[in-house]
Amino acid sequence: MEGLAAKGNERMSPDIRTYNLLISAYANEKGPTDAETVLRRLEMHPIIQPNSIAYINCMDAYAKVGDAHNNHRILSLMEKSYADGNIHAKPTRRAYVSALNSLAKSGRGDAGTRAEALVQRMEKLSLAGNTELKPDTTVYNVLINCHKNSAVRAEKVLYRMGKRDVVSYSSVINVYSKMGGVDAAKRAQALLDEMQKEDVEPNAHTFNRYVLAALFVLH
């Protein structure tokens, strides 16, 4: 397409959607490094500027393999591009969700701390006027998953968020199920009871996590 456009057939010239599809294809078939190669090529394009989707597609590729470092590096590139005048690269809530997912899958010991900093940043920017970045239920649910090694912190997020859903409760119960002990089992039971009082219908995953917490007590 680029070759045909160079020969004068401008109708064949790739647009931003074409490059975004190419980034997604590389991300799915090759991996994040190859996807980023296309993004870098797009950043040097004389006419077309990468948009939010281009950066997020690349971020998601790194998040998929739990590479939080490179995921956050792409987020920084996105923020810099926007700060330099590329209005199409405005960081979105979706970009921050990708950054949080990368931490949740990274296995890093500081995942919870770094995730908290990201969400606090979103909250601050939201209060400053960028309401599009206001954390929603999805954001807080991923934040809970970043606290998989601390049930206390995970539960604090649960009561800090506004609307709680079945994923919110199930995620915290899951953390308690991995702790083991009588206290963890009691908290899992309390959360299950609370769900029913709040008209949040437990699903199979919720009960599976609860049963695991109870089994630790039996052993």
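Residues numbered from 1 in each chain as written. Predicted model: local features only at pLDDT ≥ 70, side-chain atom pairs only at ≥ 80, totals over all residues. Heavy atoms only, no water.

**Section: the overall build of the protein chain**
Inference 1: Check the secondary structure of the protein chain and you find 12 helices and 0 strands.
Inference 2: Along its sequence from the N terminus, the protein chain presents helices and strands in the succession α-α-α-α-α-α-α-α-α-α-α-α.
Inference 3: In terms of its C-alpha atoms, the protein chain occupies a principal-axis envelope of roughly 75 × 40 × 30 Å.
Inference 4: Burial status across the protein chain gives 44% buried among its 219 residues.
Inference 5: Considering only residue pairs separated by 6 or more positions, the protein chain has 59% of its internal contacts joining residues 24 or more positions apart.
Inference 6: As displayed, the protein chain offers around 12000 Å² of accessible surface, 53% of which is attributable to carbon and sulfur atoms. (Helix = DSSP H or I, 4+ residues; strand = E, 2+ residues; numbered from the N terminus. Buried < 20%, exposed > 50% of the residue type's maximum accessible area, 1.4 Å probe, protein only. Contact = heavy atoms within 4.5 Å. Areas by Shrake-Rupley, 256 points an atom, 1.4 Å probe, with all protein chains shown as cover.)

**Digging into helix 7 (residues 111–127)**
Inference 1: With 17 residues, helix 7 extends 24 Å from end C-alpha to end C-alpha; this agrees with the ideal 24 Å at 1.5 Å per step.
Inference 2: Residues of helix 7 that are buried include every one of Ala111, Gly112, Ala115, Glu116, Leu118, Val119, Met122 and Ser126, and no others. Looking down the long axis of helix 7, one finds its buried residues gathered within 160° of arc, a one-sided arrangement. In this structure, helix 7 carries Thr113, Lys124 and Leu127 as exposed residues pointing more than 90 degrees from its buried face.
Inference 3: Elements that come into contact with the buried residues of helix 7 comprise helix 5 (68–83), helix 6 (93–106), helix 8 (137–146) and helix 9 (151–160).
Inference 4: Downstream of helix 7 by a residue or two, Gly129 has a phi angle that is positive, lying close to 125°. (Expected span 1.5 Å × (residues − 1). Arc of directions from axis to C-beta.)

**Points about helix 10 (residues 166–179)**
Inference 1: Between its first and last C-alpha, helix 10 extends 20 Å over 14 residues, near the 20 Å set by a 1.5 Å rise per residue.
Inference 2: Buried residues of helix 10: Val166, Ser168, Tyr169, Ser170, Ser171, Val172, Ile173, Asn174, Val175, Tyr176 and Ser177, and no others.
Inference 3: Backbone nitrogen of Val167 and a side-chain oxygen of the N-cap are separated by 3.1 Å at the start of helix 10; the cap is Asp165.
Inference 4: Downstream of helix 10 by a residue or two, Gly180 has a phi angle that is positive, lying close to 80°. (Polar contact = N/O pair within 3.5 Å; in protein donor to acceptor, adjacent residues only side chain to side chain.)

**Description of the confidence of the model for the protein chain**
Inference 1: On average, residues of the protein chain carry a pLDDT of 90, and 93% of them reach 70 or more.
Inference 2: Here residues 215–219 is a poorly scored stretch, pLDDT under 50, and it has 7 contacts once near neighbours within four places are set aside; other chains count. (pLDDT = per-residue confidence, 0-100.)

**Side note on unusual backbone geometry**
Across residues other than glycine, the phi torsion is negative in most instances, and most of the peptide bonds are trans.
Inference 1: The phi torsion at Asp199 lies on the positive side, around 60°, for a residue other than glycine.
Inference 2: Looking at where Asp199 falls in the secondary structure, it is placed in the loop between helix 11 (182–197) and helix 12 (204–218).

**So, the side chain of His72**
Inference 1: Assignment of secondary structure puts His72 in helix 5.
Inference 2: For His72, a relative accessible area of 12% puts it in the buried group.
Inference 3: If near-sequence neighbours (up to four positions away) are discounted, His72 is found in contact with Ala99, Ser102, Leu103, Arg114 and Leu118.

**Things to note about the packing of helix 4 (residues 52–64) against helix 5**
Inference 1: Where helix 4 meets helix 5, the closest approach of the two axes is 8 Å, and the angle between their N-to-C directions is 170°. Considering the angle they form, helix 4 stands roughly antiparallel to helix 5. In this structure, helix 4 uses Ser52, Tyr55, Ile56, Cys58, Met59, Asp60, Tyr62 and Ala63 to contact helix 5, whose residues at the interface are Asn70, Asn71, Arg73, Ile74, Leu75, Leu77, Met78 and Ser81.
Inference 2: For the contact of helix 4 with helix 5, a count of residues per class yields 10 nonpolar, 4 polar and 2 charged. (Axes fitted to C-alpha atoms, helices over the stretch in contact; angles between N-to-C directions. Parallel < 35°, antiparallel > 145°, perpendicular 65-115°, else oblique. Nonpolar A, V, L, I, M, F, W, Y, C, P; charged D, E, K, R; others polar.)

**A few points about the environment of Arg164**
Inference 1: Locating Arg164 in the fold gives a position in the loop between helix 9 and helix 10.
Inference 2: Residues Arg164 and Asn141 lie 23 residues apart in sequence; the distance between their C-alpha atoms is 8.6 Å.
Inference 3: Apart from the residues lying within four places of it in its own chain, the contact partners of Arg164 are Leu158, Tyr159, Tyr169, Glu194 and Val200.
Inference 4: Polar contacts involving the side chain of Arg164 include one to the side chain of Tyr169, which spans 3.2 Å.

**Focus: the pattern of salt bridges**
Inference 1: Scanning all chains against the criterion turns up 13 salt bridges.
Inference 2: Between Arg187 and Glu155 there is a salt bridge; the shortest N-O distance is 2.3 Å. On the criterion of sequence distance, the pair formed by Arg187 in helix 11 and Glu155 in helix 9 is long-range, its members being 32 residues apart.
Inference 3: When its relative accessible area of 11% is taken as the criterion, Glu155 is described as buried.
Inference 4: One connected set of salt bridges, linked through shared partners, spans Glu36, Arg40, Glu43 and Arg73. (Salt bridge = Lys/Arg side-chain N within 4 Å of Asp/Glu carboxyl O.)

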